[in-house]
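Remarks on the overall topology
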Amino acid sequence: MFHELAPVYDEIYSTKDYRAEAGRLEDLVRRFGPARPRSWLDVACGTGRHLAFLRRRFEVAGVDASPEMLRLARRRLPGVPLALGDMRSFRLDRSFDVVTCLFSAIGHLTSEAEVARTFANFARHLNPGGVALVEPWIDPAEYRSGHLHLVTQATEGRVIVRLAYSRRRGNRSLVRYEYLVGDRGRGIRHWGETDVGLLVPRRRLVDLMGRAGLKARLVTRGLTTARGLVVGRKLDARARPDHLPS
């Protein structure tokens, strides 16, 4: 879905406060993670907007499944290791103090079994005492079918319009997007796509993360969305679970 979208992605989300979100993530890592975190992996890193702020204080790396999004991230983050990979199965030759998966990218998976596999992969890439922070997709109890949402962005020489319409089929969200992009001197492009998401209760995500070997909990005040964050800490071999923050 990002082949057409990648070139205009940052403009569509230009009002998203990546700086504030990065600061909130750092606060949570200080609360739930290791005493002196140094390394940070962002899975489904997109164009690298969060990493652009996090790299100021951490040794960062990123993984994404879209070559088009990674191309933009590499321009933004010269020298930062960025790998093409599937969140369920990527393998890096190192582990990290922090692993994040944000902006509801976990919702692109197709089953709870895939979520469990992904959480196990995150745990595999965490150092003992390290922490994973995952921003869920919308909780099934809160998902609204028939919802319309319009985004417009206008910059010098370009106008972007995105109209979204939501439906539901069982435990799947189906959001239809229609895009209009007008560029001065190039005309108007139009395309549409349907984003299929997996609707999993947030408490179930906590359970699945716990089964992956992480001490998991739900933080209801997450980033700038109301979706919260699922946070899981990999137990230090020297610590007992009741010594970890609740």
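Everything in this summary refers to the structure shown in the same document. Predicted, not measured: the structure shown is a model, and the values here were computed from it. Each chain carries its own residue numbering, running from 1 in the written order of its sequence. The predicted nature of this model means local features are confined to residues of pLDDT at least 70 and side-chain atom pairs, given and counted, to a pLDDT of 80 or more, with totals for whole chains, interfaces and linings taken over all residues. Hydrogen atoms and water are omitted, and side-chain values are computed over all heavy atoms in the structure.

1. A short note on a nonpolar patch on the surface
Formally: Patch rule: a residue counts if its relative accessible area is over 30% and it has no salt bridge; like charges are joined within 9 Å, and nonpolar side chains (Val, Leu, Ile, Met, Phe, Trp, Tyr) within 5 Å. For accessible areas, the Shrake-Rupley method is used with a probe of radius 1.4 Å. Any residue's cover is judged against the shown protein chains and nothing else. What makes a salt bridge here is a side-chain nitrogen of Lys or Arg within 4 Å of a carboxyl oxygen of Asp or Glu, nothing more. Where helices and strands are cited, they refer to DSSP runs of H or I of at least four residues and of E of at least two residues respectively, numbered from the N terminus. Each residue gets one of three labels from its accessible area relative to the maximum for its type: buried under 20%, exposed over 50%, partly exposed in between, using a 1.4 Å probe on protein chains only.
Side chains of L148, L150, L163 and Y165 sit close together on the surface and give an oily, nonpolar patch of about 390 Å² of accessible area. Tracing the sequence through the fold places L163 in strand 7 (residues 158-169). What makes L163 partly exposed here is its relative accessible area of 38%.

2. A short note on the packing of helix 1 (residues 2-12) against helix 4 (residues 67-76)
Filter applied, for reference: Comment: axis = line fitted to C-alpha atoms, over the contacting stretch for helices; angle = value between 0 and 180 degrees taken between N-to-C directions. The cut-offs work like this: below 35 degrees is roughly parallel, past 145 is roughly antiparallel, 65 to 115 is roughly perpendicular, and the gaps in between are oblique. We call two residues in contact whenever any of their non-hydrogen atoms come within 4.5 Å of each other. The classification used treats Ala, Val, Leu, Ile, Met, Phe, Trp, Tyr, Cys and Pro as nonpolar, Asp, Glu, Lys and Arg as charged, and all other residues, Gly among them, as polar.
Taken N-terminus to C-terminus, the directions of helix 1 and helix 4 make an angle of 30°; their axes are 8 Å apart at the nearest point. As far as their axial angle goes, helix 4 and helix 1 are roughly parallel. Together, F2, H3, A6, P7, Y9 and D10 of helix 1 and E68, M69, L72 and R76 of helix 4 make up the contact between the two elements. Looking at the contact of helix 1 with helix 4, its residues break down into six nonpolar, one polar and three charged.

3. Considering the pattern of salt bridges
Two side chains with opposite charge may pair up if their charged atoms get near one another. Inspection of every chain in the model, using the stated rule, returns 18 salt bridges. A salt bridge links E21 to K16, with the shortest nitrogen-to-oxygen separation between them at 2.8 Å. In terms of burial, E21 and K16 fall into one category: buried. Between D183 and R189 there is a salt bridge, with its nearest N and O atoms 3.8 Å apart. Overall, the relative accessible area of 10% leaves D183 in the buried class.

4. Here we look at the packing of helix 5 (residues 112-124) against helix 6 (residues 202-211)
For the record, the criterion: By definition, turning the near helix anticlockwise from the far helix through less than a right angle yields a left-handed crossing, and turning it clockwise yields a right-handed one.
At their nearest, the axes of helix 5 and helix 6 sit 9 Å apart, and the two run at 50° to each other. Looking at the two axes, helix 5 sits oblique to helix 6. Viewed along their axes, helix 5 and helix 6 form a crossing whose handedness is right-handed. Across the interface between the two elements, E112, V115, A116 and F119 of helix 5 pack against R204, L205, L208 and M209 of helix 6. Of the residues contributing to the contact of helix 5 with helix 6, the split by class is six nonpolar, no polar and two charged.

5. Digging into the environment of L218
Structurally, the position occupied by L218 is in strand 10 (residues 214-219). Counting along the chain gives 17 residues from L218 to L235, while the straight-line C-alpha distance between them is 17 Å. Apart from residues no more than four positions distant in its own chain, L218 is found in contact with R202, R203, V206, L229 and V230.

6. With respect to the environment of A120
Here A120 lies in helix 5. Residue class for A120 comes out partly exposed when judged on its relative accessible area of 29%.

7. A short note on helix 4
As a reminder of what qualifies: Here the arc refers to the set of directions running from the helix axis out to each C-beta atom.
All buried positions along helix 4 are accounted for by M69, L70 and A73. Buried residues in helix 4, looked at end-on, bunch into an arc of 95°, giving them a common side. Close packing links the buried residues of helix 4 with helix 1, strand 2 (59-64) and strand 3 (82-84).

8. Points about the sheet that holds strand 5 (residues 126-134)
In a beta sheet, neighbouring strands are held together by backbone hydrogen bonds and run either parallel or antiparallel to one another. Stated precisely, the cut-off is as follows: Strands are labelled as partners when DSSP assigns at least two bridges between them.
As summarised here, the arrangement of the seven strands in space is 3-2-1-4-5-11-10, forming an open sheet in which the pairing is mixed. Two strands close off the open sheet at either side, each with one partner strand: strand 3 and strand 10. Along the sheet, successive strands turn relative to each other by an average axial angle of 15°, direction set aside. Direction of pairing for strand 1 (residues 39-43) relative to strand 2: parallel, over a ladder of five bridges. Within strand 2, the residue paired with L41 across the bridge is A61. Lying on the sheet, helix 5 is in contact with strand 1, strand 4 (96-101), strand 5, strand 10 and strand 11 (229-234); it crosses strand 5 at an angle near 140°.

Functional significance is not addressed by these values, which are geometric in nature.
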